[in-house]
Amino acid sequence: MAEHLLLTGASGGIGRALALQLAKAGYRLSLQGRDAAKLAETCAQVLALAPAMQPATQLVQQAAFDLTDAAALIAFCRQAEAACPVDGLINCAGANLSRAPAQTPDWPALEQMLALNFRVPLLLQECLLPGMLARGHGTILQVLSTCVGFANPGVAAYSASKSALESYSKVLRRELQDSGVRVLHLIPGGVDTGFRATARPEYLTSDDVAAAALAMLQAPKSAHWHELVLRPQVERNWA
Ligand SMILES: NC(=O)c1ccc[n+]([C@@H]2O[C@H](COP(=O)([O-])OP(=O)(O)OC[C@H]3O[C@@H](n4cnc5c(N)ncnc54)[C@H](OP(=O)(O)O)[C@@H]3O)[C@@H](O)[C@H]2O)c1
């Protein structure tokens, strides 16, 4: 049977592109977004794929809610797992909510980013890992950012929230080394999505990043692609 993946942030940007590429590749999906109308559009596009892809079974669950609502998050994970064992979790939802200078933290935005970009993936993992470990196989894919590897003025809080997840997840990877569960980090540079205030056509597309995620998932299980960094050709902030 096709693997069942739970994907957050499927209502737009990279998450929507990834939902469509995963559906085309035959995965079964549980999709989360926050905006119900945007998530419905993603689901409609998934269901509009070729009838041969058995759309009724391909879209296992879908729900629109704020991921910082822990009760809703736990309920969604339980529904997805009850409908069909979850083979993989893709932590794609995320946001940069402030460009405050590092010396004057925007405390509410910092707390929100730590909640969404760091604590939410941990809670999702806590919900879904027991099933994966019991079955002896699974994948956790974290969508990080190249900000974990450089210092870019104005993104201290966002960088810290993504770096916190990276650090935590690296330890998780070590602890799960012999469990059959892979922990993978996808690390994109700039991507032209609604994440940004203005259009950046010179940046990566959502489809570029989705294709990279799909390649990581489809790599042989004996060769874990622990980290994949991809940047737009024009980017200069890493050298
Ligand atoms: N764009 C870039 O340049 C870039 C670069 C590196 C890494 N990333 C990372 O890539 C991931 C996807 O970003 P993107 O570019 O696709 O951004 P996007 O177009 O803004 O999409 C973000 C997704 O996260 C969801 N989301 C945001 N806050 C949420 C919340 N509180 N609860 C539930 N869902 C929430 C959004 O839901 P709604 O739309 O329904 O509100 C949307 O589905 C993020 O983790 C981001 O940090 C982006």
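Remember, predicted model here, so these are calculated numbers, not experimental data.

Some words on the environment of Val46
Move 1: Structurally, Val46 is set in helix H2 (residues 36–47).
Move 2: A tally of 22 C-beta atoms within 10 Å means that Val46 is categorised as buried.
Move 3: Sequence separation of Val46 and Lys24 is 22 residues, and the distance between their C-alpha atoms is 8.2 Å.
Move 4: If sequence neighbours within four positions are ignored, Val46 has contacts with Ala19, Leu20, Ala23, Leu29, Gln58 and Leu59.

Things to note about the site of the ligand
Move 1: Among the 27 residues in the neighbourhood of the ligand, the closest are listed as Gly9, Gly13, Asp35, Gly94 and Phe195.
Move 2: If you tally residues by element for the shell around the ligand, the top one is helix H1 (residues 13–24), at three residues.
Move 3: A class-by-class count of the residues in the shell around the ligand yields 10 nonpolar, 12 polar and five charged.

So, the sheet that holds strand E4 (residues 88–91)
To summarise the sheet geometry, strands pair through backbone hydrogen bonds and adopt either a parallel or an antiparallel arrangement.
Move 1: With parallel pairing, seven strands are arranged side by side in an open sheet as E3-E2-E1-E4-E5-E6-E7. Of all the strands in the sheet, the pair left with one neighbour each is strand E3 (59–64) and strand E7 (227–230). For this sheet the average axis-to-axis angle between neighbouring strands, irrespective of direction, equals 10°.
Move 2: Direction of pairing for E4 relative to strand E5 (residues 138–143): parallel, over a ladder of four bridges. The residue bridging Ile90 from the neighbouring strand is Leu141, located in E5.
Move 3: Where helix H4 (residues 70–83) meets the sheet, its contacts fall on strand E1 (4–7), strand E2 (28–33) and E3, and the angle it forms with E3 comes to roughly 170°.

Definitions and cut-offs
All residue numbers here refer to positions counted from 1 along the written sequence of the relevant chain. Whole-chain, interface and lining totals are the exception, using all residues; otherwise, since this is a predicted model, local features are given only for residues with pLDDT of at least 70 and side-chain atom pairs are given and counted only at 80 or more. Numbering of helices and strands runs from the N terminus, with a helix taken as a DSSP run of H or I at least four residues long and a strand as a DSSP run of E at least two residues long. Here exposure depends only on C-beta density: within 10 Å of a residue's C-beta, 20 or more other C-beta atoms make it buried, 12 or fewer make it exposed, and intermediate numbers make it partly exposed, the C-beta atoms being placed from the backbone. Note on contacts: each residue gets a C-beta atom placed from the backbone, and two residues are in contact if those atoms are within 7 Å. Using the backbone to place each C-beta atom, any residue with that atom within 6 Å of a molecule or strand is considered near it. For this classification, the nonpolar set comprises Ala, Val, Leu, Ile, Met, Phe, Trp, Tyr, Cys and Pro, the charged set comprises Asp, Glu, Lys and Arg, and every other residue, Gly included, is treated as polar. By definition, two strands form a pair when at least two bridges between them are found by DSSP. The axes are straight lines fitted to the C-alpha atoms, using for helices just the contacting stretch, and the angles between their N-to-C directions are given from 0 to 180°.

Just geometry here; none of it tells us what the structure is for.
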